[in-house]
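So the chains spell out like this:
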Amino acid sequence: MSGKVVLITGASSGIGKACAEYLAQKGYRVFGTSRSAPRNPEVSPTGLTMFYMDVNDDRSVQEGVDFVLRQAGRLDAVVNNAGFGIAGSVEDTSIEEAKAQLETNFFGTLRVCRAALPVMRAQGGGTIVNISSLGGIIALPFQGLYSASKFAVEGLTEALRMEAQPFGIRVVLVEPGDTRTGFTDRRVRVAASANSVYRPYFERVIQVVEADERNGTHPEAVARVVERILRHPNPAPRYRVGPFVQRLAAALKGVLPDRLFLWAISKYYRL
Ligand SMILES: NC(=O)c1ccc[n+]([C@@H]2O[C@H](COP(=O)([O-])OP(=O)(O)OC[C@H]3O[C@@H](n4cnc5c(N)ncnc54)[C@H](OP(=O)(O)O)[C@@H]3O)[C@@H](O)[C@H]2O)c1
């Protein structure tokens, strides 16, 4: 895989950082990006280049893709990983808070896809890996807007996979379950949750969520799957990574009656 050029969003922490380091070790030419990365690109001893990119900003994304092309002359793969979570009841979430969630998790992914696709088409191929979540398959109580953002990524990715296939572009979903990263501490609680009628339920659910994440899978497990996808000549539409019971729950969603499935999820979260 030596020399394959990969752009990763959200590479300063967690899953993105693990992907950047793992792929660099494996001989990929990695460009990692985030908002906390330096404006002047820095190259690590492993050859990993980190530079500033905000996926919420059209110009920043286009400049990022242009920079990779100037440096490497091509773009073989993109890992759309940048994201964050918000927590709060649907009712307590303001439209502004909801839009901020979608702006990064959904529109950020779309923005980077739109910047990368013309490059990949001109080259005659490429791979786009969109990091979704098992929360993009199973709606999570008090993370409704997070789930909505990832359900949206799922639909976008499936459609794009079919559209881009004639141009030799492979588009793949990765759905991590709970993973030990900075995600838990960075989760934004919606402003109205502090004095909400939902508060007792919300706190109970969030305790379970946070404990599961802190005991979750190491992010390198996701990085290994991403590397396998990049090497694969014909990767599957989606890959699930994470604790067995969580992957099982996602599989059961397609089998159990909806009423029973949602009851089981709400009991799990002590609702
Ligand atoms: N942890 C889990 O349990 C879990 C489970 C399923 C899916 N996921 C998904 O995995 C992805 C990575 O999350 P993580 O768990 O690794 O969390 P994390 O440790 O908090 O990392 C999130 C990364 O996204 C970057 N980011 C956030 N907003 C950005 C923006 N507007 N522009 C550019 N970069 C941005 C952050 O960097 P800066 O703040 O420096 O910009 C950081 O590098 C997310 O899409 C998340 O939804 C996580």
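This report concerns the structure included in the present document. Just so it is clear, the model here is predicted, and its values are computed rather than measured.

Calculation notes
Residues numbered from 1 in each chain as written. Predicted model: local features only at pLDDT ≥ 70, side-chain atom pairs only at ≥ 80, totals over all residues. Heavy atoms only, no water. Near = heavy atom within 4 Å. Polar contact = N/O pair within 3.5 Å; in protein donor to acceptor, adjacent residues only side chain to side chain. Areas by Shrake-Rupley, 256 points an atom, 1.4 Å probe, with all protein chains shown as cover. Helix = DSSP H or I, 4+ residues; strand = E, 2+ residues; numbered from the N terminus. Nonpolar A, V, L, I, M, F, W, Y, C, P; charged D, E, K, R; others polar. Salt bridge = Lys/Arg side-chain N within 4 Å of Asp/Glu carboxyl O. Pairing = 2+ DSSP bridges. Contact = heavy atoms within 4.5 Å. Axes fitted to C-alpha atoms, helices over the stretch in contact; angles between N-to-C directions. Patch = residues over 30% accessible without salt bridge, like charges linked within 9 Å, V, L, I, M, F, W, Y side chains within 5 Å. Buried < 20%, exposed > 50% of the residue type's maximum accessible area, 1.4 Å probe, protein only. Parallel < 35°, antiparallel > 145°, perpendicular 65-115°, else oblique. Left-handed = near helix turned anticlockwise from the far one by under 90°.

**A closer look at the site of the ligand**
Turning to step 1, where the next piece is worked out: Not every one of the 30 residues close to the ligand is listed here, only the nearest: Ser-12, Ser-13, Ser-36, Tyr-146 and Thr-181.
Turning to step 2, where the next piece is worked out: One nitrogen or oxygen atom from the main chain of Val-55 is found 3.0 Å from a nitrogen atom belonging to the ligand.
Turning to step 3, where the next piece is worked out: The side chain of Asn-56 places a nitrogen or oxygen atom 3.4 Å from a nitrogen atom of the ligand.
Turning to step 4, where the next piece is worked out: Burial of the ligand by the surrounding chains reaches 97%, relative to a free accessible area of 890 Å².
Turning to step 5, where the next piece is worked out: Elements supplying a minimum of two residues to the shell around the ligand: helix H1 (14–25), helix H4 (144–164) and helix H5 (183–186).
Turning to step 6, where the next piece is worked out: Tallied by class, residues from the shell around the ligand come to nine nonpolar, 16 polar and five charged.

**Thoughts on the pattern of salt bridges**
Turning to step 1, where the next piece is worked out: Per the stated rule, a full pass over the model turns up 16 salt bridges.
Turning to step 2, where the next piece is worked out: For the salt bridge of Glu-154 with Arg-238, the shortest nitrogen-to-oxygen distance reads 2.6 Å. Of this pair, Glu-154 sits in helix H4 while Arg-238 sits in strand E10 (residues 238–241), and the two are 84 residues apart along the sequence.
Turning to step 3, where the next piece is worked out: Between Glu-175 and Arg-238 there is a salt bridge, with its nearest N and O atoms 2.8 Å apart. Remark: Arg-238 occurs in strand E10 and Glu-175 occurs in strand E8 (residues 169–176); sequence separation between them is 63 residues.

**Topic: the sheet that holds strand E7 (residues 126–131)**
Turning to step 1, where the next piece is worked out: Spatial strand order, E3-E4-E2-E1-E5-E7-E8-E10: eight strands in an open sheet with mixed pairing. Whereas interior strands pair on both sides, the edge strands pair on one side only; in this sheet they are strand E3 (42–43) and E10.
Turning to step 2, where the next piece is worked out: The sheet strands contacting H1 are strand E1 (5–9), strand E2 (29–34) and E8, and the helix crosses E1 at an angle near 165 degrees.
Turning to step 3, where the next piece is worked out: Each of E1, strand E5 (77–80), E7, E8 and E10 touches helix H7 (residues 219–231); the most contacted strand, E8, lies at about 160 degrees to it.

**Focus on a nonpolar patch on the surface**
Turning to step 1, where the next piece is worked out: Residues Phe-244, Val-245, Leu-248, Leu-252 and Val-255 make up a contiguous nonpolar surface patch of about 490 Å² in total accessible area.
Turning to step 2, where the next piece is worked out: Mapped onto the elements, Val-245 comes out in helix H8 (residues 244–253).
Turning to step 3, where the next piece is worked out: With a relative accessible area of 60%, Val-245 lands in the exposed category.

**Some thoughts on the packing of helix H3 (residues 95–123) against H4**
Packed helix pairs are characterised by how far apart their axes lie and by the angle those axes make with each other.
Turning to step 1, where the next piece is worked out: Two elements in contact, H3 and H4, have axes separated by 8 Å at closest approach and are oriented at 15 degrees. By the criterion of interaxial angle, the relationship of H3 to H4 is roughly parallel. Of the two elements, H3 crosses H4, and the hand of that crossing is right-handed. Listed contacts from H4 to Ala-98, Gln-101, Leu-102, Asn-105, Phe-106, Thr-109, Leu-110, Cys-113 and Leu-117 of H3 are Leu-145, Tyr-146, Ser-149, Lys-150, Ala-152, Val-153, Leu-156, Leu-160 and Ala-164.
Turning to step 2, where the next piece is worked out: For the contact of H3 with H4, the per-class residue count stands at 13 nonpolar, four polar and one charged.

**Concerning unusual backbone geometry**
Turning to step 1, where the next piece is worked out: In this model, Phe-142 sits at a positive phi of 65 degrees, which is unusual for a non-glycine residue.
Turning to step 2, where the next piece is worked out: By secondary structure assignment, the location of Phe-142 is in the loop between E7 and H4.
Turning to step 3, where the next piece is worked out: Take Phe-142: its relative accessible area is 12%, and that puts it in the buried class.
Turning to step 4, where the next piece is worked out: The backbone of Arg-270 shows a phi angle near 65 degrees, a positive value even though the residue is not glycine.
Turning to step 5, where the next piece is worked out: Here Arg-270 lies in the segment after helix H9 (258–268).
Turning to step 6, where the next piece is worked out: The class of Arg-270 is partly exposed, set by a relative accessible area of 43%.

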